[in-house]
Amino acid sequence: MKKRGFFGFLLFTLAIFLASPFTAHSQLKSGEPIVLGVPTALGSIEGRDGLLAVNMARDEINAKGGVLVGKTKHKIEVYSIDTREHEPGIPVHDALTAAEKLILEKKPHAIVLGNFRSEVLLSTMDLISKYKLPYICCIAMSPLMQKKVLEGYDKYKYIFRNCLNAPYLGMYLGGVMGLIRKEYGFNKAYIITQDVLWAKATGGGVEKWYKGNGWEVAAFDTYATGSSDFSPSLIKARAQKAQVIVPIFDMPQSGILLKQARAMQIPALMAGFISPIACENAWKVFEGEVDGFINMIYEVGPIPVKAVPKSVTFNENYGKRYGEKARTELSGHGPGPSYDAVYIMANAIERAKTVEPDAVVKAIEQTDMQGAIGRIRFGKDHQVVYGFNPKETAVGVGFQWVKPGKRAVVFPEGFAEGKIQLPPYMKK
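None of these values were measured; they are calculated from a predicted model. (Residues numbered from 1 in each chain as written. Predicted model: local features only at pLDDT ≥ 70, side-chain atom pairs only at ≥ 80, totals over all residues. Heavy atoms only, no water.)

Asks: Describe the packing of aromatic side chains, naming the residues involved and giving the relevant values.
Replies: Under the definition given, this model contains 20 aromatic pairs. Centre to centre, the rings of F230 and F249 are 5.4 Å apart; their planes meet at 70°, and the pair counts as edge-to-face. Taken together, the positions of F230 in the loop between β9 (216–223) and α9 (231–239) and F249 in strand β10 (residues 244–249) put the pair 19 residues apart, joining distant regions of the chain. Residue classification places F249 among the buried positions, given a relative accessible area of 0%. With a centroid separation of 5.3 Å and 55° between ring planes, the pair formed by Y339 and Y343 is classed as tilted. With Y339 and Y343 both in helix α14 (residues 335–352) and four residues apart, the pair spans about one turn of that helix. With relative accessibility at 11%, the residue Y339 sits in the buried group. (Phe/Tyr/Trp six-rings, centres within 6.5 Å; stacked < 30°, edge-to-face > 60°. Helix = DSSP H or I, 4+ residues; strand = E, 2+ residues; numbered from the N terminus. Buried < 20%, exposed > 50% of the residue type's maximum accessible area, 1.4 Å probe, protein only.)

Asks: Before we move on, could you go through the side chain of R262 and cite the residues and values that matter?
Replies: Structurally, the position occupied by R262 is in helix α10 (residues 255–263). Although R262 lies buried, it forms no salt bridge, and the closest oppositely charged side chain, E289, sits 6.9 Å away as judged by the N-O distance. Polar contacts involving the side chain of R262 include one to the main-chain carbonyl oxygen of E289, which spans 3.1 Å. (Lys, Arg positive; Asp, Glu negative; His and termini not counted. Salt bridge = Lys/Arg side-chain N within 4 Å of Asp/Glu carboxyl O. Polar contact = N/O pair within 3.5 Å; in protein donor to acceptor, adjacent residues only side chain to side chain.)

Asks: Describe in detail unusual backbone geometry, supporting the description with residues and values.
Replies: With an omega of 5°, the peptide bond running from K403 to P404 counts as cis. Along the chain, F411 connects to P412 via a cis peptide bond; the corresponding omega equals 0°. Note that P412 resides in the segment after β19 (406–411). The phi dihedral of K107 falls on the positive side, at around 50°, and the residue is not glycine. Within the secondary structure layout, K107 lies in the loop between α3 (92–106) and β5 (110–113). By relative accessible area, which is 39% here, K107 ends up partly exposed.

Asks: I'd like a rundown of the environment of P91, residues and numbers included.
Replies: By the secondary structure assignment, P91 is in the loop between β4 (76–82) and α3. Here the alpha-carbon distance between P91 and V120, two residues 29 residues apart in the chain, equals 9.0 Å.

Asks: Now, about the pairing of strand β1 (residues 34–40): what can you tell me, with residues and values included?
Replies: Across the seven residues of β1, seven count as buried, placing the element largely inside the fold. In the sheet, β1 pairs with β4 via seven bridges, with the strands oriented parallel. Looking at the pairing, L36 lines up with V78 of β4. Taken together, the two bridges between β1 and β5 define a ladder with parallel strand orientation. Across the sheet, the residue bridging to G37 is I111, located in β5. (Pairing = 2+ DSSP bridges.)

Asks: Kindly report on the pattern of salt bridges, identifying the contributing residues and their values.
Replies: Taken as a whole and assessed by the stated rule, the structure comprises 23 salt bridges. Ionic pairing is found between D250 and R117, a salt bridge with its closest N-O pair at 3.0 Å. Residue D250 is located in the loop between β10 and α10, and its partner R117 is located in the loop between β5 and α4 (118–131); the two are separated by 133 residues in the primary sequence. Classification of D250 as buried rests on a relative accessible area of 10%. The class for R117 is buried, based on a relative accessible area of 7%.

Asks: Explain the sheet that holds β19 residue by residue, including any values.
Replies: Read across the sheet, three strands follow the order β13-β18-β19 without closing on themselves; strand pairing throughout is antiparallel. The outermost strands of the open sheet, each flanked by one partner alone, are β13 (294–297) and β19. Averaged over all pairs of adjacent strands, the angle between strand axes in this sheet comes to 40°, irrespective of strand direction. Note that β13 and strand β18 (residues 397–402) share four bridges and pair antiparallel. (Axes fitted to C-alpha atoms, helices over the stretch in contact; angles between N-to-C directions.)

Asks: Tell me about the environment of G387, and name the residues and values.
Replies: As for its placement among the helices and strands, G387 is situated in strand β16 (residues 386–387). Taking the relative accessible area as the measure of exposure, G387 reaches 7% and is therefore buried. It is 34 Å that separates the C-alpha atoms of G387 and S228, two residues lying 159 residues apart in sequence. For G387, the contacting residues outside a window of four places in its chain are M171, Y172, T393, A394 and V395. (Contact = heavy atoms within 4.5 Å.)

Asks: For the sheet that holds β1, give the residues involved together with the corresponding values.
Replies: Spatial ordering of the open sheet is given by β4-β1-β5-β6-β7, a layout of five strands whose pairing is parallel. The open sheet has two edge strands with one neighbour each: β4 and β7 (159–161). Averaged over neighbouring strand pairs, the angle between their axes works out to 25° when direction is ignored. Packed onto the sheet, α3 meets β1 and β4 and runs at close to 150° relative to β4.

Now the structure itself:
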């Protein structure tokens, strides 16, 4: 009876252990590394570049001895896994399974970069809460993340975001549209977005701005991820005499929209966000057909601006580390925040003097530092504050493609390099 009871106790204890979620160990042994996990869409340009930026920050910190935790320094190790969440038709569950696999196998102390799709981020928040891991999101943009943090702080306090969110993108696009109207008197727009949360939310924000500022919105169309024919919207935009077409897409095929607009000779200014056309090499890739297009760099870094010295340093060092080709291919969203996320986490751990999750969360909340994206401070909703003055906030920019293949920053006006110009096909 005693043996049976003893073995029964062992089996019960083992079952409890296996059923209990892993939580990051809070005490580091001498020489033990700080492990950062990167579960993201590595096949996307944002995920690819984000991971390279994370690794660059890791190597910079390790070259200086690592992260000081108490009295000892610890090197950073980075482990990644491809969630494939950018691919059409990939279920949210598959992305969550990949993230949990990374957590259980590599036992990270924290997560950086994180989800690509907002739909996946919102589900991942429960996974992160289960494992109590400090998490800094650098790509997914839905403001619903912030809502969940505010409404369920005790559960979701581990989740932060240092990249631009959809409302901030709408704010910047509204600023660009204000400049367009001031310069040329345009007041009729046609919105075309990808059928995903962040893009529709951004389009909705822009539509609201238009209606509140005397513009007419001819239509608001959406296209499924993977679509490659946008001519129905372009035909309608021409028929309705839209003066500005606002595309908002992150999928690789979205560059076709611009090529179709040029082939159809649509007489409207294109201003929005098309991910493949944000890179410095896009002029060459699209054979100059990007001329006149106004695009966004969500967070400075992939485009260096003198008003943010660390954005210049980041851009230069990225080229030295990975080569000029890689630097000119830097995506317009994610790399700067991914790089800064490693420094935010390292700085928070040093101030907390531990990797204990709740202590690190409190330290992240108190972050106030200058990074590649500008000044980094988190609001109560765990979103980094974006604005127009990099001495006070993080910043994104609007730029216009101008000959001979240059990205000229046109917004915010405080550190713009030039004014918005009408492309040749619109000049009378």
